[in-house]
Every structure is written in C-alpha cells, then in structure tokens.
Amino acid sequence: MSSPSTPPTSSPPTPSSPPTSSMPSVPSAPQATAPVVSAPSVPDRDARRILALTSLGVFIVFLDTTIVNVAFDTISTSFDAGITRLVWVLNAYTLVFAAFLIPAGQLADAYGRKRLFQIGLVGFALSSALCGLAPGLGVLIAARAAQGVFGAIIVPASLALLLPAFPLERRATAISTWGAMAAVATAIGPTLGALLIEYTTWRWVFLLNVPVCLLTAAWGARLLTETRGSRNGGFPDPLGVAMSAAAPALLSFAVIYGPRLGWDDPRVLATAVAGVVLIPLLILRSRRAVRPALDLSLFRIRNFQASNVATLVFSVAFFAVLLSSLLFLQNVWHYSVLKSALAVSPSALVTALVAPLAGRLAERFGYRPVFVTGALFYAAGAAALALRAGASPHWAAHWLPTLVLNGIGVGLALSTLNSAAAKALPPERFGVGTAINNSFRQLGALLGVSVFVAVLGTPTSATILGDYHRVWWVLAVIPVISAGTYLATHREPEAPEAPEAPEAPEAPEAPEATG
C-alpha cells in the first residue's frame, strides 16, 4: 500500500507511554529503542489480570471462527437446509469480522478502549444467545453476522488495553501470550465443537459464549481503566468507515466463492473488481478526511509493514494446514468428526506452551530470528505430512510428530508477528494498528481456504492421497516465503550508541624553574 503524503504525528510521551513506543515516520530508518527499563503504568498483579482478561476476550472471538465447522451436519438436519445456504453460517461471521476490524480499531482509539471492549463483550453475548436460540436458518445467519461485528470490536480494543499495562521490555511476552490465545482458540475450535455436539446439541456451540462473555465484561468493569488514543476524538469519517468495511468484505466474497462458482462467474468478477476499486478510493478519501477511517500514516512505519505482510503470507499456510488436516483424517483415514478434531488438538497445546517463550526469545534475540525459526518449523511440519501421512492410519508414529512441529511453528511465528507489529505502533494508534494487523491475518485465512481448494482439485479414491500430498508440499513453501519476506523487510530495533566519555582535561604544565 502506498504511504501517505503527510507524516504521522504522535503526542509527547507520558509515563504510561514510553518514548520508545512512538515510532518515526521515515520508513527506511531503523527504529531505535533505548536500553532502559520503563516503569509499568499499573501494578504488576493488575497487569497480569488485564492480560488474562483480554486474552479471554480474544479467545472467545477466534474460537468462533472455527468451532462451527464441525456443526454443519447437525445444523443442516435441524433446519433441513442445503450446503449452499448453510455455508453462510460460516461466511457471515468471517466476512463481517474481517470487514469491521479496522473501523472498530479506529472507534476504540477515538471513544475509549474499555468502553468498546465492554460493548463488544455484551454484544457478543447477546448475538451468541440469538444464534443458540435461532428458530430458523435466516435468524442464525443474521445473528452470526452480528457476532462478527462485536467480535471485530473486541479484538483491537483488547490489545490496546493490554499494551499500556506492561513496561516496554515485557510487552513482547505479554503480546505473545495474548496472540497465543487467538492461535490456540482457532486450532482447538473444531475439537471443542465436536465435544459439545457429541454430548449436547449444536446450540451449545453458541450458548457457551453467553456466560463467559458476561462474566468477562463484569470483571473488566471493575479492573480496567479507560484509555483513548486520538486527542481530537470524534466519529471517523462515515464514508471512509463504510468503504473500509466494504472493500475487505467484497474481496473476501470473491476469494471464498471464486473456487466454488468459477473465477469467471459474473458475481465473483463484480465483487472482486468492486473490492479492488474501493482500495485506492479509500486511500484518497483517507488523505482528505479530517478524521480518516484508515490511518495511512501507519503504513509509513517499515516494521509495521513487514509484520503485516508476513502475517498475511504465514496465515495462508496456517489456516490451510488446519483445514486440510481435518478433512484428510475424515476422508482418507475415515476418522469421525470428534476423533479427527481430537487428533489435531495436540498442536494447539504445544502452541500454548511455546508462545510465551517466543516473547522472551524476541526480547533477547530480536524478532527476525524467532519468526524465521517458527516459519521454518511450520514448513517442516507441512513437509512431514507430505512425506509421512499414508493411506493407513498411523497417528502416533506419522501424525503426532508433525503436530509438534506445527505447534512450535505457530507459537513462535504468529506470536512474534503480533509483538513486532504492536512494538512498531505509536501509543495513540494501538487500537487501529492492531486491527489492521488482524485484518491481514483474516485475509490470509480466506486466501488459505481458497489455496487449499484450488490445489486439492477434485480428488478421486485413486488420487486422493497424492492430492493431499501436493497440497502439503505447496503449503510447506508458503512459510518459507514469509520468512524470506520478513528477513528482507524487517529491521531490528537498534540501541543507540553510548556517548563517548569526555576526555580528561590535560594537566597544566609546571612553570619552568628560573635560576
């Protein structure tokens, strides 16, 4: 994306906003971080509570991106609906969530991160209740769309609340833990959904959210304090908000339905063209608006750009491997839905263990080596699937090692990218900046599904094993590409050189003795 013509501005640093968090606007300059220990803005015990609270909020949101995947058959039977209508139970959430992330981040910065976080939690609880009690498919789809709106509100507000609670030198670990909850929720969603469907009904897939969100909101009302970013608060440019929501929604529709309807289908072409055309119009509008919906100045920050591109590319592989693994276990090894979901769950557990370690490693060695290591681990896991997964089930010997590799890869890679993107942001742009980063992640998820569908093709009983192997070889290459891109574009923050000690003044010469 092109950079704006005006440089970003940031407010002077305060005790809760260390000077090293405000980044320069020149994209080519390395971002300097002074080697000083910054003071936390809240007591350490409260900071840990805020981390737990915001992580729980983001866990619920990303859980609902995949927990419904295993409920298709039971929802279809309940409403006597075909797959063409039923797919909107998934897509309504995904499309709306991706579309509203950036406007929601802008609103959180302008109107208050705590206020938006609380609104998101209560709204998510109400829309989840409507999903669980839906009398028909139309109501369920509309309620899923509402979930997407409130989920998009929760995510940027939660991270924007988390960042000021930790001193600069501990933020990478905190963000890694927060990001791990999103990755674990995405990976464990099918397993939890399968368990709920096995022992209750599909409606509890949604109703489970209600008490969790309401209790989290009540906890947040007591624990959190209000913070804002923009000093000139006010509603962002309404036309820009509409455009920033419509562009990813139209592109996402084209990505989802292109493989299914055909890329030459008039509906796919029309939505793709409209989405592409809206992007330069949104940039132009954002340059001219008094309170733009999209803060283009953020894209002048080199490390923010690098983290977003790497997030997009790596997420393609992450989501595609998750989906392909579940379908392979069901279609080739003939596992049940519950058994296949349980079979992939160890990867999420490994991710949960590795992600906090990733933050500490990034603080010590830098973001590039940690992300590249994670990306290569994930590539090795995908390649191992292609080499070891055969027609006969051998879970412990052939499948479990790949889960360990993938879990380590996700824990190192995605957590590090979350931390790097947040570190590059000025404090007054935490909300919208994290929203942009998560938008790139969601777009990667949509692209990953399309890549999987396109590469797999239409397998037959004779070709299905080779078709899946081909998919995994392609997906093994994508994390390597993300690693190379990150190495080429990210610059590690450099500590300023210590000033040289002043030279000692020369001693005055003794006067010569006279006779």
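Just so you know, the residues in each chain are numbered from 1, in the order the chain's sequence is written. Totals for whole chains, interfaces and linings use every residue, but because this is a predicted model, local features are given only for residues with pLDDT of at least 70 and side-chain atom pairs only at 80 or more, for both listing and counting. Side-chain numbers here rest on the full set of heavy atoms in the structure, without hydrogens or water.

1. A closer look at the overall build of the protein
Under the scheme used here, helices are H or I runs from DSSP no shorter than 4 residues and strands are E runs no shorter than 2 residues, and both carry numbers assigned from the N terminus. Per the secondary structure count, the protein includes 16 helices and zero strands. The buried label applies to any residue whose accessible area, calculated with a 1.4 Å probe on protein chains only, is under 20% of its type's maximum; exposed applies above 50%, and partly exposed to all values in between. Counting all 515 residues of the protein, 56% fall into the buried class. Note on contacts: a residue pair is in contact if any heavy atoms of the two residues lie within 4.5 Å. A sequence separation of at least 24 residues applies to 85% of the contacts in the protein between residues at least 6 apart. For every accessible area listed, the method is Shrake-Rupley and the probe measures 1.4 Å; residues are considered covered only by the protein chains on display. About 21,300 Å² of surface is accessible on the protein, with carbon and sulfur atoms providing 66% of the total.

2. A closer look at the packing of helix α1 (residues 44-63) against helix α5 (residues 137-162)
When two helices pack together, their arrangement is given by the angle between the helix axes and by the axis-to-axis distance. Working convention: axes come from line fits to C-alpha atoms, limited for helices to the stretch in contact. Angles between N-to-C directions cover 0 to 180 degrees. It is the contact of α1 with α5, at a shortest axis distance of 9 Å, that shows an interaxial angle of 160°. The orientation of α1 relative to α5 falls into the category roughly antiparallel. Like other packed secondary-structure pairs, α1 and α5 cross with a definite hand, here left-handed. Every residue of α5 that contacts α1 at Ile50, Leu51, Thr54, Gly57, Val58, Val61 and Phe62 is listed here: Gly151, Ile154, Val155, Ser158, Leu161 and Leu162. An angle below 35 degrees is read as roughly parallel, one above 145 as roughly antiparallel, one from 65 to 115 as roughly perpendicular, and any other as oblique. Less than a right angle of anticlockwise turn of the near helix away from the far helix marks a crossing as left-handed, whereas a clockwise turn marks it as right-handed.

3. Observations regarding the side chain of lysine 114
When you line up the elements, lysine 114 lands in helix α4 (residues 113-132). Under the convention used here, Asp and Glu are negative, Lys and Arg are positive, and both His and the chain ends fall outside the count. Note on definitions: salt bridges are taken to be side-chain nitrogens of Lys or Arg within 4 Å of carboxyl oxygens of Asp or Glu. Despite its burial, lysine 114 pairs with no opposite charge, the nearest such side chain being glutamate 226 at 6.8 Å. Residues within four places of lysine 114 in sequence aside, it is in contact with Leu161, Gly220, Ala221, Leu224, Thr225 and Glu226.

4. Considering the layout of surface pockets
Within this scheme a cavity is a closed region of a 1 Å grid, computed over the protein atoms alone, that accommodates a 1.4 Å probe without allowing it to escape, whereas a pocket is open but has protein on both sides within 12 Å along at least five of seven lines; lining residues each have an atom within 4 Å of a point. Grid points are joined across faces, edges and corners, and a volume is the space filled by probe spheres set on the points. Approximately 1,200 Å³ is the volume found for the largest pocket. Asn69, Leu90, Leu323, Leu327 and Val449 are, among the 39 residues lining the largest pocket, the residues nearest its centre. Every element with two or more residues in the lining of the largest pocket is listed here: α2 (72-79), α3 (83-111), α6 (171-199), α9 (238-261), α11 (302-331), α12 (337-365) and α15 (430-456). Classes in brief: Ala, Val, Leu, Ile, Met, Phe, Trp, Tyr, Cys and Pro nonpolar; Asp, Glu, Lys and Arg charged; the others, Gly included, polar. Residue composition of the lining of the largest pocket, by class: 25 nonpolar, eleven polar and three charged.

5. Side note on the nonpolar core
Counting residues in each nonpolar core, the largest one holds 84 residues, and the members touching the most others are Val68 and Leu140. If you tally residues by element for this core, the top one is α5, at twelve residues. Setting aside its immediate chain neighbours within four residues, valine 68 contacts Ile75, Val89, Leu90, Arg144, Val205 and Phe206. Counting 55 residues, the second largest nonpolar core, distinct from the first, contains Leu329, Ala386, Ala420 and Ile464. What makes a nonpolar core is a set of buried Ala, Val, Leu, Ile, Met, Phe, Trp, Tyr and Cys residues whose side-chain atoms join them at distances within 4.5 Å.

6. A closer look at the environment of histidine 490
Among the structural elements, histidine 490 can be located in the segment after α16 (464-489). Residue classification places histidine 490 among the buried positions, given a relative accessible area of 1%. On a C-alpha basis, the gap between histidine 490 and glutamine 305 in space is 8.3 Å, while along the polypeptide they are 185 residues apart. Other than its neighbours up to four places away in sequence, histidine 490 contacts Asn303, Ala306, Tyr367, Arg368 and Ala420. A distance of 3.3 Å separates polar atoms of two side chains, one belonging to histidine 490 and the other to asparagine 303. Polar contact criterion, stated in full: a pair of N or O atoms within 3.5 Å, where within protein one must be able to donate a hydrogen and the other to accept it, and residues adjacent in sequence count only if both atoms are side-chain atoms.

7. Points about the packing of aromatic side chains
To pair, rings of Phe, Tyr and Trp, with the six-membered ring standing in for Trp, must have centres within 6.5 Å; the planes then decide the type, stacked if under 30 degrees apart, edge-to-face if over 60, and tilted in the middle. All chains considered together, the criterion is met by 20 aromatic pairs. Arranged with centres 6.3 Å apart and planes meeting at 45°, the rings of phenylalanine 452 and tyrosine 468 form a pair that is tilted. Of the two residues, phenylalanine 452 is situated in helix α15 and tyrosine 468 in helix α16; the sequence distance between them amounts to 16 residues. An identical accessibility class is assigned to phenylalanine 452 and tyrosine 468; each is buried. An aromatic cluster is present here, built from Phe328, Trp333, Tyr335, Trp399, Phe452, Tyr468 and Trp472 joined pairwise through their rings. We call a charge positioned over a ring when the NZ of a Lys or the CZ of an Arg lies within 6 Å of the ring centre and within 35 degrees of the ring normal. The ring centre of tyrosine 335 lies 4.3 Å from the NZ or CZ of lysine 339, which sits over that ring. Across from the ring centre of phenylalanine 62, 4.8 Å away, lies the NZ or CZ of arginine 441, which sits over that ring.

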